[in-house]
Each structure stands twice: as structure tokens, then as C-alpha cells.
Amino acid sequence: MRNYWQKRPLFLPAALPENFLSLRAANLFRLAGKTEAESRLISRKHIRGHWRYKANDGPFARGIFSQYKSQSDWTLLVQRVNEWLPHVDLLFEYFRFIAAWRIDDIMVSYAAPGGTVGAHLDNYDVFLCQLTGERTWQFSERPSAQENLEPNQPVRLLTDFQADQTVHTRPGDVLYIPPRFAHYGVAASECITVSVGFRAPR
């Protein structure tokens with residue numbers, strides 16, 4: 001907390017047990033079909049040397065994910081999974097060294113190879129916990145004073161992202177990213193990443 005909290009990113013290999021959470025892709029697909037659950041499907045295509053993104057909000061019909069299954073470069077995000085699956089709340093037990101009032105939610109993403117939401121920054125602290133598969137993360141070691149975004153994209157993509165470090169996360173690995181530190185994660189294989197978010201005061 002003294003050296004890293006809201007100061008700089010920290011990569012923690014094997015910080016959690018490899019099976020730290022009982023959660024499968026089928027659980028997320030089922031949640032994404034609920035009207036009350038907040039979910040988003042983000043895909044991208046490489047067109048004339050540039051990535052173009054597409055985003056759709058849920059709920060999603062049950063069969064859509066079987067259609068996507070054989071494709072690459074897409075990811076499903078489901079917000080507040082801990083509110084729908086109470087056992088997911090147990091993950092907060094690993095983070096009791098942080099004041100409870102900061103707790104926000106647990107978001108879970110399923111990604112096909114190449115799946116990503118692009119280079120971006122957040123206004124909260126987040127622990128990116130790799131549950132299954134592998135993902136490559138690039139991140140900045142300095143906070144961004146401004147958020148310059150690409151025009152005509154449905155997601156918040158930074159135009160001036162420059163990575164200082166690259167890490168490759170495997171099951172049980174954790175990457176801590178403080179508020180306003182730019183980062184960019186791309187699935188190296190089919191994977192599930194669990195994002196444990198904490199509110200950051202202005």
C-alpha cells in the first residue's frame with residue numbers, strides 16, 4: 001500500500017490459486033441473456049491497417065455465442081457479476097487489506113483469441129486477475145493527465161497510448177493498475193479475466 005497503491009502498477013505472478021473462482025464461460029453467457037444484467041459484446045476487425053471496433057449491449061440471445069465461438073477478436077463483458085452470483089463475492093476476501101468502503105464491483109470478461117477492449121484508462125483502482133487462459137498486457141508506468149480518444153469508435157480508445165511494460169498473465173496471476181494509468185490487454189488464447197474494482201476519490 002505504501003509503495004504501489006495509486007502510485008504505480010504492480011504485476012503479481014501466482015498471487016492467487018489457479019482455481020481461485022468457480023466460474024465458467026457458460027455462466028457468463030447465461031448472465032448476458034438477462035435483461036437486468038449489464039453486458040457488452042465488443043469485437044474488432046483490421047481494416048486498411050487500422051482496428052475498427054464494434055460494440056453491442058445485452059441482453060443477448062442464447063445462440064449468439066455459439067455463432068461467435070469459432071471467431072477471434074471479440075470479448076464479452078459482464079458487470080457486477082458478484083451481485084448475480086453471490087459466491088463471487090468471496091473473491092473480496094483476498095483484498096481485505098483495502099478499506100471496504102472502496103469496494104465497487106467484480107466485472108468478468110470472456111475473450112476469444114485477440115479479444116480486447118483496446119488501449120484505455122479507468123478512473124478507479126483495478127486488480128486484473130487471470131482465471132483461465134492467457135492474456136498479454138501492456139501498460140504505462142505514469143498516469144495520464146489527459147484522455148485523448150480516437151474519433152468514431154464505440155469504445156474509449158486512446159490515440160496516444162505508449163507502453164512502458166508488457167506482461168503475460170496466466171491463471172492465478174494478478175496485475176494491479178491504479179487510476180488513470182493507461183493499459184491494453186489482448187487475449188493470447190480463449191480466456192476469462194476477473195476485474196476487481198475499487199472506487200477512487202477525486
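Scroll up for the structure.
Being a predicted model, the structure only gives us computed values, none of them experimental.

Each value, and the rule that gives it
- Residues numbered from 1 in each chain as written.
- Predicted model: local features only at pLDDT ≥ 70, side-chain atom pairs only at ≥ 80, totals over all residues.
- Heavy atoms only, no water.
- Helix = DSSP H or I, 4+ residues; strand = E, 2+ residues; numbered from the N terminus.
- Contact = heavy atoms within 4.5 Å.
- Polar contact = N/O pair within 3.5 Å; in protein donor to acceptor, adjacent residues only side chain to side chain.
- Salt bridge = Lys/Arg side-chain N within 4 Å of Asp/Glu carboxyl O.
- Buried < 20%, exposed > 50% of the residue type's maximum accessible area, 1.4 Å probe, protein only.
- Pairing = 2+ DSSP bridges.
- Core = buried A, V, L, I, M, F, W, Y, C linked by side-chain atoms within 4.5 Å.
- Phe/Tyr/Trp six-rings, centres within 6.5 Å; stacked < 30°, edge-to-face > 60°.

> Before we move on, can you summarise the environment of Asp 125 with the specific residues and values?
For Asp 125, the position within the fold is in strand β6 (residues 125-132). Between the alpha carbons of Asp 125 and Thr 75 there is a distance of 21 Å; along the sequence they are 50 residues apart. With near-sequence residues (within four places) excluded, Asp 125 lies in contact with Trp 5, Gln 6, Tyr 176, Ile 177, Pro 178, Pro 179, Val 196, Gly 197, Phe 198, Arg 199 and Ala 200. In terms of polar contacts, Asp 125 uses its side chain to reach the side chain of Gln 6, at 2.9 Å.

> Give me the lowdown on the pattern of salt bridges, citing residues and values where you can.
Enumeration over the complete set of coordinates arrives at 9 salt bridges. A salt bridge links Glu 147 to Arg 156, with the nearest nitrogen and oxygen atoms 2.8 Å apart.

> Lay out the pairing of strand β5 (residues 103-111) with the relevant residues and their values.
Within β5, 7 of the 9 residues are buried, which leaves the element mostly enclosed by the surrounding structure. Both strand β4 (residues 74-78) and β5 contribute to a ladder of 4 bridges, which runs antiparallel. Counterpart to Leu 77 in the pairing with β5 is Ser 109. The pairing of β5 with strand β11 (residues 191-198) spans 7 bridges and is classified as antiparallel. By the bridge assignment for β11, Ala 111 is matched with Cys 191.

> An account of the nonpolar core is needed here, citing residue identities and associated values.
Nonpolar side chains in soluble globular proteins tend to end up buried together. Judged by nonpolar contacts, the single largest core of 37 residues is most densely connected at Trp 74, Leu 76, Phe 127, Cys 129, Val 194 and Val 196. Sorting the residues of this core by element identifies α1 (25-32), α2 (64-68), β4, β5, β6, β9 (174-177) and β11 as the ones contributing at least two each.

> Report on the packing of aromatic side chains, specifying residues and quantitative values.
In this structure the tally under the stated criterion is 16 aromatic pairs. Ring centres of Phe 92 and Phe 198 lie 6.3 Å apart, and the angle between their planes is 80°; on these two criteria the pair is classed as edge-to-face. Within this pair, whereas Phe 92 is found in the loop between α3 (81-84) and β5, its partner Phe 198 is found in strand β11, the two being separated by 106 residues in sequence. Of the two residues, Phe 92 and Phe 198, neither departs from the other in class, the shared state being buried. A relative accessible area of 0% places Phe 198 in the buried class. Ring pairs connect the aromatic residues Trp 5, Phe 92, Phe 95, Phe 97, Phe 127, Tyr 176 and Phe 198, which therefore count as one cluster.

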